[in-house]
Amino acid sequence: MSIVKNDLADNSLNDPHRLLRNMIDQVPDYLFVKDLDCRFIVANEAVARIHGFESPDDLTGKNDFDLHDASSAARFSQIERQVIRTGVAMIGMEECVVDAASGKERWLSTSKVPLRSANDTVVGLIGISRDISARKRDDFLRDEQTAILEMIVVNSPLHAVLDRLVRLMERQLVGVYGSILLLDDGGTHLKHGAAPALSQEYCGAIDGLPIGPGAGSCGTAAWLGESVIVADIASDPLWKNYRDLASRHGLKSCWSAPVLSHDGIVLGTFALYSARVRHPEPAEINLTQIATRIAAIAIERKHAEDKIRHMAYHDMLTGLPNRSLLTDRLTQAMLQTKRHNPWVSVLFVDLDNFKFVNDSLGHTAGDELLKTVARRMENCIQPTDAAVRMGGDEFVILLTDLPENTDAIAAAMHKIRAAILEPMIIRGREFHITCSIGIATYPQDGTDAETLIANADIAMYKAKEAGRDGFRFFTPELNIKAHERLALHDGIRRGIAQSEFHLLYQPQVELEFGRIFAVEALVRWNHPQLGLINPNEFIPLAEETGLIVPLGEWVLYEACKQNKRWQDAGFEPITMCVNVSARQFHDQNWTSRVMHALGETELDAKCLELELTESLVMRDVNEVIATMEELRKVGVSFAIDDFGTGYSNLSALKSLPVSRLKIDRSFLRNLVEDDDDKTITAAVISLAQKLNMKVIAEGVETHEQLTFLRENHCDEVQGHLFSEAVSSTEIGKLLQNQQSRSGLAPA
Ligand SMILES: Nc1nc2c(ncn2[C@@H]2O[C@@H]3COP(=O)(O)O[C@H]4[C@@H](O)[C@H](n5cnc6c(=O)[nH]c(N)nc65)O[C@@H]4COP(=O)(O)O[C@H]3[C@H]2O)c(=O)[nH]1
């Protein structure tokens, strides 16, 4: 304390001039006074130092043109002259000054005020400048970071974001060159990301750099997941294989940091190169950390975006392109074709027995099957073709660049069918999956993606109808039918919504006692324009278009409800027989629909019998048995309708959980005069009874037919001889009569 006091007393306090000199030299800001010609009169040591003078006195008499480049000097001088001329101070002006010797930029905040004499005349100016370069750098860093983050938010291309990030680093750190490398798809190499200041040749040479120990700073940093600092490339063993390359480009040191995802996965590297052999400064390390974090955000965002785009255009399960991508690819293929004239074909593929695997072995097994089929399809096609999953067990194969004949299409199709048919082991069981294929070809079968796909679908449906495991080329006739179907299809859909359907019931009678033990539900359509339509006219279409599923569900529900109503009205319980078409039966939710209808209507399952056609049952016996068993367990029984019209596999018939065979009407028609029909009918009756099934003859119209059936011990009959299909009220009356008279006699 006393020393300070003495110093002040000795040196300064007695000499105000010296005191002031001391004061202004201690200030880190630049202080100066200039005369009316803008020449220095006084300056502090800071001003002298920055201009490379030993002493502030060396500045006396100099002006800005002696110290700065011409344009900066002119700028400063103009402002100073204005302050002197107007007498108005200029406060806190920010200006950028380029150091003449080093070329370095400095930012100053400068105030210049007029210097006035005792009589208030302006005699010069006083200036004070503060170096605000550090603050300016921080501002710039913050603004640039914000701008880069905004670029990430608005999904700017990744290379543009990384490029700007590297440039930001290069502006902040003088004499370094940045480089970002990205992990490639295989995860074993680094590919070029951004390096705006490095030569193309250098970037090209390190594009595809392997990840591993000894692969330069970046390959090693990605390998270790840690920063790698190489101060001297020329001597560091990590650079053994890349030394000459770096030297050719004047790169002496390289500090690389891994770019890590939020959960620590290496996404790439961020490297800074220097043209001098040196270690990084702490500030450089800090900035690199900030930059790697921003790079990680940008890369992760891009990955997420790629994933979302992939998910939007691909099927999650099989990884195949989905319907949205198909439309795009098909449209592109057609555009290409317009230039070169080859054909483009759409193969609509539907697996025949997928439901069986799915239902019997569960969804995981079904998924496995679909994935295997997808891989097999992919292996059969050219890189320019596409295998697409449309949903469920439906696929489309797009064949492009085909010669103008069907040979190549047929060859590709047979290859696909054969590949799918290869045995498939799922859960230890061997499966042979068949498929039905419909083919439509551009330009003859359609000139837009939607039409081609729809026509291939129509052709596939025809192939399926013809007995599965087949294929069908689209023809215009199919299309005409398709249009008619479309109109009717709309009608059926509207009819369901507007309750235009109703049910009639036809009694089924025990031959021995004449008792109605069951009724068959038969649907009718009361069309608003066409009047009453019989099921033969619309059921096949409803089956084709899939509308049989909602229609059949309504029939089932209505029939169960009606049967319960009769029981609630006090009639003895009878069986309700409901026709089930193949499409309904194969629908994924079929069993649960039946259970739901029973539950909702509270009908005892024992009072429901489902009639399946012989062809439905025999087509996929194993699959059908599995579904039937599920329902039989709860009490539902089954009958085979139209028996004798198909080609029954008799051994399969034995294993079916069926309680009744229905002899088809066609055998009854000429029964009396046709010996063959007599033989067949008698054989069916005997066969059914040997298999412990009841047998019912359908379409009984005459007493002669009835006598024959009786003589041959047929159990039950249904036909106009007893009753046509009638309303629920009529059935109520018949049941009422039966209860009072016990039995329905032939008319
Ligand atoms: N000539 C003559 N015909 C007789 C005689 N007895 C019964 N029929 C008719 O034979 C058909 C018997 O039904 P189906 O074989 O199951 O044949 C049914 C069935 O395959 C289908 N169908 C009817 N309703 C439904 C339904 O709700 N769902 C499904 N999937 N198919 C249905 O439509 C077909 C025709 O039904 P319908 O026109 O009601 O015709 C009924 C019935 O009216 C007879 O003595 N003489």
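All chains use their own residue numbering, which begins from 1 and follows the written sequence. With pLDDT at 70 or above as the cut-off, local features in this predicted model cover only qualifying residues; side-chain atom pairs require 80 or more to be listed or tallied, and sums for whole chains, interfaces and linings still use all residues. Remark: hydrogens and water are excluded; side-chain values derive from all non-hydrogen atoms of the structure.

Looking at an unreviewed UniProt entry, the protein carries the name Diguanylate cyclase (GGDEF)-like protein/PAS domain S-box-containing protein, with the source organism given as Phyllobacterium ifriqiyense.

> Can you walk me through the overall build of the protein in this structure?
Elements are defined by DSSP. Helices are runs of H or I of four residues or more, strands are runs of E of two residues or more, and each kind is numbered from the N terminus. Across its full length, the protein holds 28 helices and 27 strands. Each residue's exposure class comes from its accessible area (1.4 Å probe, protein chains only) as a fraction of the maximum for that residue type: buried when under 20%, exposed when over 50%, partly exposed otherwise. Expressed as a percentage of its 747 residues, the buried residues of the protein come to 49%. By definition, residues are in contact when any of their heavy atoms lie within 4.5 Å. A sequence separation of at least 24 residues applies to 60% of the contacts in the protein between residues at least 6 apart. Surface accessibility follows the Shrake-Rupley procedure with a 1.4 Å probe radius. Residue values consider only the protein chains on display as shielding. Carbon and sulfur atoms provide 52% of the accessible area of the protein, an area that totals close to 36,600 Å².

> Would you mind showing me how to read the sheet that holds strand E8 (residues 209–210) here?
Think of a sheet as strands paired side by side through backbone hydrogen bonds, with each pair either parallel or antiparallel. Whether two strands pair depends on DSSP finding at least two bridges between them. Across the sheet, which stays open at both edges, the 6 strands sit in the order E8-E7-E6-E11-E10-E9 with antiparallel pairing between neighbours. The open sheet has two free edges, formed respectively by E8 and strand E9 (228–230), since each of these has just one partner strand. As judged from the 2 bridges shared by strand E7 (residues 189–194) and E8, these two strands associate in the antiparallel manner. Bridging from a neighbouring strand, His189 pairs with Pro210 of E8. Each of strand E6 (176–183), strand E10 (253–260) and strand E11 (266–274) is contacted by helix H11 (residues 282–313), which is oriented at about 40° to E10, the strand it contacts most. Structural elements are reduced to axes, namely lines fitted to C-alpha atoms, with helices fitted over the stretch in contact, and the angle between N-to-C directions of any two is expressed from 0 to 180 degrees.

> Which parts of the structure should I look at to understand the site of the ligand?
Proximity criterion: a residue is near a molecule or strand once any of its heavy atoms comes within 4 Å of it. Looking at the ligand, there are 21 residues lining it, with Glu520, Asn579, Arg665, Glu701 and His720 nearest. Definition of a polar contact: a pair of N or O atoms within 3.5 Å, with one able to donate and the other able to accept a hydrogen when the atoms are protein atoms, and with sequence-neighbouring residues admitted only if both atoms are side-chain atoms. With respect to the ligand, the side chain of Gln506 contributes an N or O atom lying 3.0 Å from a nitrogen atom. Within the side chain of Asp641, an N or O atom sits 3.0 Å from an oxygen atom of the ligand. Expressed as a share of its isolated accessible area of 790 Å², the protein-covered part of the ligand is 85%.

> What is the right way to read the layout of surface pockets from this model?
Counted as a void, the second largest pocket has a volume near 570 Å³. If you go around the second largest pocket, you meet 15 residues; those closest to its centre are Glu105, Trp107, Arg137, Arg171 and Val174. For the lining of the second largest pocket, the secondary structure elements donating two or more residues are strand E4 (105–116), helix H6 (133–153) and helix H7 (158–172). Residues belonging to the lining of the second largest pocket are distributed by class as follows: 4 nonpolar, 2 polar and 9 charged. Note that domain bounds follow an automatic or database assignment of domains. In this structure, the lining of the second largest pocket is formed jointly by two domains, domain 1 (2–131) and domain 2 (136–311), each of which donates at least three residues. Detection works on a 1 Å grid of protein atoms alone, calling trapped sets that fit a 1.4 Å probe cavities and calling open sets with protein on both sides within 12 Å along at least five of seven lines pockets, with lining residues defined by an atom within 4 Å of a point. Grid points are joined across faces, edges and corners, and a volume is the space filled by probe spheres set on the points. In the scheme used here, Gly and all other residues not listed as nonpolar or charged are polar, with Ala, Val, Leu, Ile, Met, Phe, Trp, Tyr, Cys and Pro taken as nonpolar and Asp, Glu, Lys and Arg as charged.

> What's the story with the pairing of E10 in this structure? I'm lost.
Every regular strand shows the same layout, with side chains that alternate between the two sheet faces. The buried fraction of E10 is high, at 7 of 8 residues. Direction of pairing for E9 relative to E10: antiparallel, over a ladder of 3 bridges. For Val228, the partnering residue across the bridge sits in E10 and is Ser256. What sits between E10 and E11 in their antiparallel hairpin is a turn of 5 residues, with Gly264 showing a positive phi close to 80°.

> What is the right way to read the sheet that holds strand E17 (residues 435–442) from this model?
Overall, mixed pairing links the 5 strands, which are arranged E13-E14-E12-E17-E18 in an open sheet. The sheet is open, and its two borders are formed by strand E13 (386–391) and strand E18 (471–473), each paired with just one other strand. The mean inter-strand angle of the sheet, taken between neighbouring strand axes irrespective of direction, is 20°. Sheet analysis places strand E12 (residues 343–351) next to E17, joined by 8 bridges and oriented antiparallel. Bridged to Val349 within E17 is Ile437.

> Before we go on, may I ask you to explain helix H19 (residues 548–568) in this structure?
It helps to recall that an α-helix has 3.6 residues per turn; residues three or four apart then point in one direction. Every helix has an expected span of 1.5 Å times one less than the residues it contains. Its 21 residues place the ends of H19 29 Å apart at the C-alpha level, agreeing with the 30 Å of an ideal helix rising 1.5 Å per residue. The first or second residue beyond H19 is Gly570, which carries a positive phi of 100°.

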